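# Structural description and commentary
In case you want the letters, here they are:
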Amino acid sequence: MVAIEIDEIASLFRQAAAFPAVSEGSLSQNGTLLTIHSKWSQKDIERKEKVSFKRSHILELAHGSVLSQSDPQEISNEIWSKPSPSGNFRAVVKSGKDKKNEDNQYLEIYDNIKKLKTIDILALEKHGKIVGDDGQFGTFEWSCSEEQLLYVAEKKKPKTSNFFDTKGNKGDGDGHKKDSDEEIKKGLENEYRESWGEQLVERHHPIICIINVKTADITLLENVPDSLSSGQAMWSPDDAGVVFCAWDHEPYRLGLKHCCQRKGGLYFYDLEKGSIELLSAEGRAVRFPRFSPDMSRLIYLDTPVGGGHHQCSRLLMMDWASKNVKVVVDIVKHASATSFQGIFTAAVPRNIWFEDNIHLSFSTAWRSNTTAIIVNTNTGHIKSLSHGKNMSVLSVNKKNVLMSCSSMTTPNYLVLTQLGDIGNPETAKLIHPDGTPDNLDWLLSWELLTHKPTADRVSPVNVNLDYESILCLPPKAKDGSLPPLIVFVHGGPHVGFDTSFNFSTNLFCLCGYAVVMVNYRGSWGFGQDGIESLLGAVGDVDVRDVQGAVQDVISKGVVDSNRLFMFGGSHGGFLSTHLIGQYPKTFKAAAVRNPVINLASMYSTTDIIDWIFVEGGFPYDLTSVADDKILPDLWKRSPLSHIDKVISPVLLLVGLEDKRVPPAQSMEYYRALKARNIPVRCLTYPSSNHSLLEVDVEADSMINSIVWFNTYL
């Protein structure tokens, strides 16, 4: 392989960025016609932003033929867009600027012909901004009567001023305070407001709100304890109340993004009585309530409080009339490679029930795949709907399932699955609304590898645990030389790679590199025992698993063992810097994004301090502090403890707004490498958070990473 020039790398980045991804989808049926609504996102390099656009397809159900489809229509400033149950109305929430150029939000109501009204939401001064579809709190639901909308907004922030402000309430001219005047609290303008952490920094105290679309009257749910942040709300049967999740934020908030184990509950608010009732068990973590079509059954996911951040969940179901709850799908400790591994998911679509009110469908990590499953809520039986492919459920309607699908060589495409027998995937008929998907097998070849830990690495949690990796090879070089290998490790650690279309891996292969994506033990999708096997073993088991996978790849004779590179972010950065420290002569160079470097110093600055304790193997509660009993152990588990052995050049890619792994972690490593004369560069991105996914930031960080690797080929 010959290192390519920067301009060619930039051109290849543009090529890899040209494929859009499905972000949302829904189905609506009218007689024999089915309409597919989909929302897509795509990188726009010139505008330096991700653009969203919507599409629609109309299908004739009997034959599965596409009658018409719309061209992509870009969506701008749209926070929510939701049709009413009858389809006669649509409610849209948009962001915009007012005459003072300040941020504002507008609720717009349309019928099938025209806009009926626009409501200036913030001008009503009932609450703060409406929360969008953030994957955690956001809700936007029509009532069955189509007279009201249910949503989540930030609790109104009190008006404050300094002690010397003379612009306070003027009263009625005689010095008397008017009823409409809001008390201004002096001396509180600098009061600290906790947020829910990384990528939820604007979420402080979400509350449930209801607006009458005719009168614009807003009702805030009273009697909800002030110690709760509410979200994921939905109407109960006959619009009699609201079912919602709420998370405890006292005595303080821990980061919620990617953390399903936070204490909370499922609640019912009776609108007539104004009363609130806890529906779920006390002291659990719950999320994603979903009513069956006839509103008789309510399902939700449930996990213990604490432990790994993306652990295995239970699926519970409540009979709404009796309020009796049963476990439909329990936690799976361990299963054979071909068997169901348990529920591991960060999202559940809004519509997942089939028309029989018995079966439902959603997606879960199943080892190194994302698999669509059908669950029989009467029996708990589970069947795969994915036919061996990566499929993510977007929406269910009657007997139809809309899914997004992809592979390592196939960009995202839509699949509509029609089931003859809802409980039998064998009766499924697959329809591709956009025709046969593209297969870019010229880009790379790939295979899934299974790794067996050596005898000295067998887990005491379960001796049968194995792990996997995805090996991707670029086209063979004309001169017959073997490609260099990038060892790509995911963050978390309790998430994982699947075999779906991966932008970073595709770009690396376009540039001539082979890539191995390692799902070390502790990755999700391998049963709960897999999660627990890493707790208390980070910096050891995960490091040796990655090194073991690298050796297995080398033994295949398909890569150049003298040209190995490390790449990863967050916990992937933790592993990358561990590997260049523990195996100093193995890797030519490393590029790491917001890496965890020093567990002992990160404790006091991260938004998920419990992560330090749990992954380090220590008990945690809200009173825990890192004392002299655990700090030495945290230090030993940290990559920085191996700094004197590092010889590999390092590129650091740092988001200065990262709340999860604060930039001080990278700065600590940067200074240590500089002092030891190890080649190091540090690129900082002032407005970026932990993910580094803004288009211009991703372009700069990825291209610089490839240039860095090319430098040390």
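## A few points about the overall build of the protein chain
Along the protein chain, the regular secondary structure elements total ten helices and 38 strands. Relative to its length of 713 residues, the protein chain is compact, with a C-alpha radius of gyration of 26 Å against a globular reference of 27 Å. By principal-axis analysis of the C-alpha atoms, the protein chain measures approximately 80 × 75 × 50 Å. Expressed as a percentage of the 713 residues in the protein chain, the buried residues total 55%. Of the roughly 30,100 Å² of accessible surface on the protein chain, 49% is carried by carbon and sulfur atoms. Mean positive and mean negative side-chain charge positions of the protein chain (73 and 86 charges, respectively) differ by 2 Å.

## Here we look at the environment of Q136
Among the secondary structure elements, Q136 is positioned in the loop between β9 (115-120) and β10 (140-142). Spatially, the C-alpha atoms of Q136 and C260 are 9.6 Å apart, while their sequence positions differ by 124 residues.

## Some remarks on the sheet that holds strand β27 (residues 390-397)
In spatial order, the strands read β27-β28-β29-β30; together these four strands make up an open sheet with antiparallel pairing. Across the chains shown, the open sheet's two edge strands, defined by having one partner strand only, are β27 and β30 (428-431). Pairwise comparison of adjacent strand axes, ignoring direction, gives a mean angle of 30° for this sheet. Bridge count between strand β28 (residues 400-407) and strand β29 (residues 410-419): seven bridges; the pairing is antiparallel. Considered in β29, the bridge of V401 is made with T417.

## Observations concerning the sheet that holds strand β24 (residues 359-366)
One open sheet accounts for three strands, arranged β24-β25-β26; its pairing is antiparallel. Two strands bound the open sheet, and with one partner strand each, they are β24 and β26 (382-384). On average, adjacent strands in this sheet sit at an angle of 35° to one another, irrespective of strand direction. One ladder, built from three bridges, connects strand β25 (residues 369-376) with β26; its direction is antiparallel.

## Quick look at the pairing of strand β1 (residues 21-30)
Note that β1 and strand β2 (residues 33-44) share nine bridges and pair antiparallel. Among the inter-strand pairings, Q29 is bridged to a residue of β2, identified as L34. Counting the residues in the hairpin turn of β1 and β2 gives two residues, including G31, whose phi is positive at 65°.

## Points about the nonpolar core
With 57 residues, the main nonpolar core has L485, V487, V518, V546 and Y669 as its most contacted residues. Among the elements that line this core, the one with the most residues is helix α4 (residues 541-555), at six residues. The residues contacting V487, other than those within four sequence positions of it, are V516, V518, V546, V550, F565, M566, F567 and F587.

## Considering the pattern of salt bridges
Under the counting rule described, the total for this entry stands at 36 salt bridges. Of the charged contacts, one joins R55 and D434 as a salt bridge, the two residues approaching to 2.7 Å between their closest N and O atoms. In this pair, R55 is assigned in strand β3 (residues 49-60) and D434 in the loop between β30 and β31 (445-451), connecting sequence segments 379 residues apart. Note on D434: relative accessible area 36%, which makes it partly exposed. One salt-bridge network, held together by shared partners, links D44, R47, E49 and E74.

## Observations regarding the side chain of Q528
Checked against the element boundaries, Q528 lands in helix α3 (residues 527-532). Taking the relative accessible area as the measure of exposure, Q528 reaches 5% and is therefore buried. Non-local contacts of Q528, meaning those with residues more than four positions away in its chain, are made with Q311, C312, I331, V332, K333 and F344.

About the thresholds
Residues numbered from 1 in each chain as written. Predicted model: local features only at pLDDT ≥ 70, side-chain atom pairs only at ≥ 80, totals over all residues. Heavy atoms only, no water. Helix = DSSP H or I, 4+ residues; strand = E, 2+ residues; numbered from the N terminus. Rg over C-alpha atoms; globule rule 2.2 N^0.38 Å. Buried < 20%, exposed > 50% of the residue type's maximum accessible area, 1.4 Å probe, protein only. Areas by Shrake-Rupley, 256 points an atom, 1.4 Å probe, with all protein chains shown as cover. Lys, Arg positive; Asp, Glu negative; His and termini not counted. Charge placed at Lys NZ, Arg CZ, Asp CG, Glu CD. Pairing = 2+ DSSP bridges. Axes fitted to C-alpha atoms, helices over the stretch in contact; angles between N-to-C directions. Core = buried A, V, L, I, M, F, W, Y, C linked by side-chain atoms within 4.5 Å. Contact = heavy atoms within 4.5 Å. Salt bridge = Lys/Arg side-chain N within 4 Å of Asp/Glu carboxyl O.

Everything listed here is a matter of geometry and, on its own, says nothing about what the molecule does.
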